[in-house]
Amino acid sequence: MSTGRLTIDLEALAANWRALDAINTVETAAVVKADGYGLGVSPVAHTLAQAGARRFFVAAAEEGAELRAALGPGPMIGVFSGHMAGDADLIRDNDLTPMLNSVDQVLRHFETLPRQPFGIQLDTGMNRLGMEPAEWAALRDPVLQQIPVLLMSHLACADEPGHFMNAKQLRCFREMTDGLGISRSLSATGGTLLGADYHFDLTRPGVGLYGGRPFEDARPVVALDLPVIQTREILPGETVGYGNTWTAQRPARIATVAAGYADGLFRAMAPNLDLWHGDTRCPLAGRISMDLIGVDITGLGDAAPEALSILGPHQGVDDLADAAGTIGYEILTSLGARYARSYLT
Ligand SMILES: *Cc1c(COP(=O)(O)O)cnc(C)c1O
């Protein structure tokens, strides 16, 4: 085995969905865009369907088609980007439910697929996707005659519970949707944790399912072990890796492990990262290169480790994100294609 081993714990994924579902008294969907946040949309969606999810969301119609092939008929598959030009066949053939974002999309949908279920995405202040209050006011009556299956919006700052934007968007969403008698959804993972006011009829968690912040109680879903290709002894004053950025201060043992920035382990993670062997911390030595990382394993004594852990019990997705100055979402969706993936059920 010469590539990293990525282990995806589907039991933990299902447990995270159940835990988020238990937080609210309404229906809980599952967001599986970007190949199930990088973990493989087919096994992820099967697991979540088995756990009880009946509505799924993806970003694009193409993803929806792949998801439909995996899930078969039945579950709703919502598409956040709505009904894009040229997508009518994809939407109809795979029974997708586009979340229509604009007047153009509404007209396109009603013209090409008048009988295909749809939702409406409303902009409540994030200014990313959805109809503005004025557009919605103009279009609301004709749209309501066609009976959308969902009215939804998305929170910009839900991972900061005290942020004024949450209450502001909540108020705006209510103003746009109160009293219409149509099913509503406002919250992803962060909003689900803000409390019942934010739950409406359906919550749409993504990152929390996969073990990421802001769902602090999540069970970790991914583990990543990197095989050691070789080890060497070096003397004080010797350097490791590109640019000579790491110099041994004492006699040291260096392991070279098989993964690098081409596998989603960003260069920016160095030097803020450790690998682990059991409970022993093994600091990074030098820069992360494309396929290789140097690790100071002096602390292991004479042991000859076959692999070192970079994602595991001592270090999770958000720790890697912190080391790189990014968020867990980006770590997950950057997980490399070279890893040997195995799924725990
Ligand atoms: C990605 C996304 C979600 C899921 O968000 P998480 O923060 O991962 O829970 C929900 N709704 C929309 C519109 C999204 O784009």
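Since this is a predicted model, take the numbers as computed values, not measurements.

Undergrad: Would you explain the overall build of the protein chain in this entry?
TA: In terms of helices and strands, the protein chain carries 11 helices and 19 strands. Counting only C-alpha atoms, the protein chain reaches 75 × 40 × 35 Å along its principal axes. The burial tally for the protein chain puts 52% of its 345 residues in the buried class. For the protein chain, the accessible area works out to roughly 15200 Å², and carbon and sulfur atoms hold 51% of it. Each charge class in the protein chain can be summarised by its mean position, and for the 26 positive and 40 negative side chains these summaries are 1 Å apart.

Undergrad: Mind showing me how you'd approach the packing of aromatic side chains here?
TA: Each aromatic ring pair is specified by the distance between its two centres and by the angle formed by the two planes. Summed over the entire model, instances satisfying the criterion amount to five aromatic pairs. With a centroid separation of 6.2 Å and 35° between ring planes, the pair formed by Tyr37 and Tyr329 is classed as tilted. Of the two residues, Tyr37 sits in helix 2 (residues 33–37) while Tyr329 sits in helix 11 (residues 328–333), which places them 292 residues apart along the sequence. When its relative accessible area of 6% is taken as the criterion, Tyr37 is described as buried. Taking the relative accessible area as the measure of exposure, Tyr329 reaches 34% and is therefore partly exposed. With centroids separated by 5.3 Å and ring planes inclined at 65°, the aromatic side chains of Phe110 and Phe118 adopt a geometry described as edge-to-face. Judged by relative accessible area, which is 3%, Phe118 ranks as buried. A network of ring pairs unites the aromatic residues Tyr37, Tyr210 and Tyr329 as a single cluster.

Undergrad: What exactly am I supposed to notice about the packing of helix 3 (residues 41–51) against helix 4 (residues 61–71) here?
TA: To characterise two packed helices, one gives the angle between the axes of the helices and the distance between these axes. Where helix 3 meets helix 4, the axes come as close as 9 Å, and the angle between the chain directions of the two elements is 55°. Viewed along their axes, helix 3 and helix 4 adopt a mutual orientation that is oblique. Considering how the two elements wind past one another, helix 3 and helix 4 form a crossing that is right-handed. Contact residues: helix 3 offers Val41, Ser42, Ala45, His46 and Ala49, while helix 4 offers Glu66, Leu67, Ala70 and Leu71.

Undergrad: It is not clear to me how the packing of helix 1 (residues 10–23) against helix 3 should be interpreted in this structure. Could you clarify?
TA: In contact at an axis separation of 9 Å, helix 1 and helix 3 are set at 45° when each is read in the N-to-C sense. Taken together, helix 1 and helix 3 sit at an angle that is classed as oblique. The two elements helix 1 and helix 3 meet at a crossing, and its hand is right-handed. Where helix 1 abuts helix 3, its residues Leu10, Leu13, Ala14 and Trp17 lie against Pro43, Val44, Thr47, Leu48 and Ala51. Its residues assigned to classes, the contact of helix 1 with helix 3 shows eight nonpolar, one polar and no charged.

Undergrad: What should I look at first to understand unusual backbone geometry in this one?
TA: With the exception of glycine, most residues fall at negative phi, and the peptide bonds are largely trans. Cis geometry marks the peptide bond from Arg213 to Pro214; its omega dihedral reads 10°. Within the fold, Pro214 resides in the loop between strand 10 (202–203) and strand 11 (222–234). Here the amide bond leading from Ala270 into Pro271 is cis, since omega sits at 5°, within 30 degrees of zero. Of note, Pro271 is situated in the loop between strand 14 (252–258) and strand 15 (274–277). Look at Asp95: it is not a glycine, yet its phi comes out positive at around 45°. Tracing the backbone shows Asp95 in the loop between helix 5 (88–93) and strand 6 (97–100). One non-glycine residue, Asn127, lies in the positive phi region at around 60°.

Cut-off values and rules
Residues numbered from 1 in each chain as written. Predicted model: local features only at pLDDT ≥ 70, side-chain atom pairs only at ≥ 80, totals over all residues. Heavy atoms only, no water. Helix = DSSP H or I, 4+ residues; strand = E, 2+ residues; numbered from the N terminus. Buried < 20%, exposed > 50% of the residue type's maximum accessible area, 1.4 Å probe, protein only. Areas by Shrake-Rupley, 256 points an atom, 1.4 Å probe, with all protein chains shown as cover. Lys, Arg positive; Asp, Glu negative; His and termini not counted. Charge placed at Lys NZ, Arg CZ, Asp CG, Glu CD. Phe/Tyr/Trp six-rings, centres within 6.5 Å; stacked < 30°, edge-to-face > 60°. Axes fitted to C-alpha atoms, helices over the stretch in contact; angles between N-to-C directions. Parallel < 35°, antiparallel > 145°, perpendicular 65-115°, else oblique. Left-handed = near helix turned anticlockwise from the far one by under 90°. Contact = heavy atoms within 4.5 Å. Nonpolar A, V, L, I, M, F, W, Y, C, P; charged D, E, K, R; others polar.

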